[in-house]
Amino acid sequence: MSFNLLAEPVPMIGGGTISCGKWISAVEDEHEMQMQISIQWVAGYIGSYNWYRAQGGQSITSQPDLETISLWVTLYCRNNPTDTVFSASAALVQHLGGKSTPFRWAK
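The present account deals with the structure reproduced in this document.

Re the packing of helix 1 (residues 20–28) against helix 3 (residues 66–79)
At a minimum axis distance of 9 Å, the contact between helix 1 and helix 3 shows a crossing angle of 120°. Put simply, helix 1 runs oblique to helix 3. Note that helix 1 runs across helix 3; the crossing there is left-handed. Contact residues: Cys 20, Trp 23, Ile 24, Val 27 and Glu 28 in helix 1; Ser 70, Val 73, Thr 74, Tyr 76, Cys 77 and Arg 78 in helix 3. When its residues are assigned to classes, the contact of helix 1 with helix 3 shows seven nonpolar, two polar and two charged.

Structure (structure tokens):
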């Protein structure tokens, strides 16, 4: 799967490609394994974001705990059902003070 956020598509695999619809189904069905795969993917996404920012001498974001990530993705997906876990991740990084993204937190 790839996401067209920049001039070229950004290839992506793993837990970030899961749709928000599948995420909500996993939450409602208490499918812990599916949720953990995505939660760990989001944690890695934030860690990677921070690594590359730090290499450029730029500020990094705080690293939320896994429970906070789970809650964020659940709330984001309920409010943005056609997005993906990646979209929720990018919005979370922005919320934590990171780079602006086209994905928005909807209340």
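Some words on the nonpolar core
Grouped together as the largest cluster of nonpolar side chains are 25 residues, with contacts concentrated most on Trp 23, Val 42, Ile 69, Trp 72, Val 73, Tyr 76 and Cys 77. Within the residue set of this core, elements represented by two or more residues are helix 1, helix 2 (32–55), helix 3 and helix 4 (85–95). If sequence neighbours within four positions are ignored, Val 73 has contacts with Trp 23, Val 42, Val 85 and Ala 88.

Some words on helix 1
When we look at burial in helix 1, the residues that qualify are Cys 20, Trp 23, Ile 24 and Ala 26. Looking down the long axis of helix 1, one finds its buried residues gathered within 160° of arc, a one-sided arrangement. Opposite the buried face of helix 1, at more than 90 degrees from it, the exposed residues are Lys 22 and Glu 28. Looking at the buried positions of helix 1, the neighbouring elements they touch are helix 2, helix 3 and helix 4. Downstream of helix 1 by one or two residues, Glu 30 has phi in the positive range, about 55°.

Analysis parameters
- Residues numbered from 1 in each chain as written.
- Predicted model: local features only at pLDDT ≥ 70, side-chain atom pairs only at ≥ 80, totals over all residues.
- Heavy atoms only, no water.
- Axes fitted to C-alpha atoms, helices over the stretch in contact; angles between N-to-C directions.
- Helix = DSSP H or I, 4+ residues; strand = E, 2+ residues; numbered from the N terminus.
- Parallel < 35°, antiparallel > 145°, perpendicular 65-115°, else oblique.
- Left-handed = near helix turned anticlockwise from the far one by under 90°.
- Contact = heavy atoms within 4.5 Å.
- Nonpolar A, V, L, I, M, F, W, Y, C, P; charged D, E, K, R; others polar.
- Core = buried A, V, L, I, M, F, W, Y, C linked by side-chain atoms within 4.5 Å.
- Buried < 20%, exposed > 50% of the residue type's maximum accessible area, 1.4 Å probe, protein only.
- Arc of directions from axis to C-beta.

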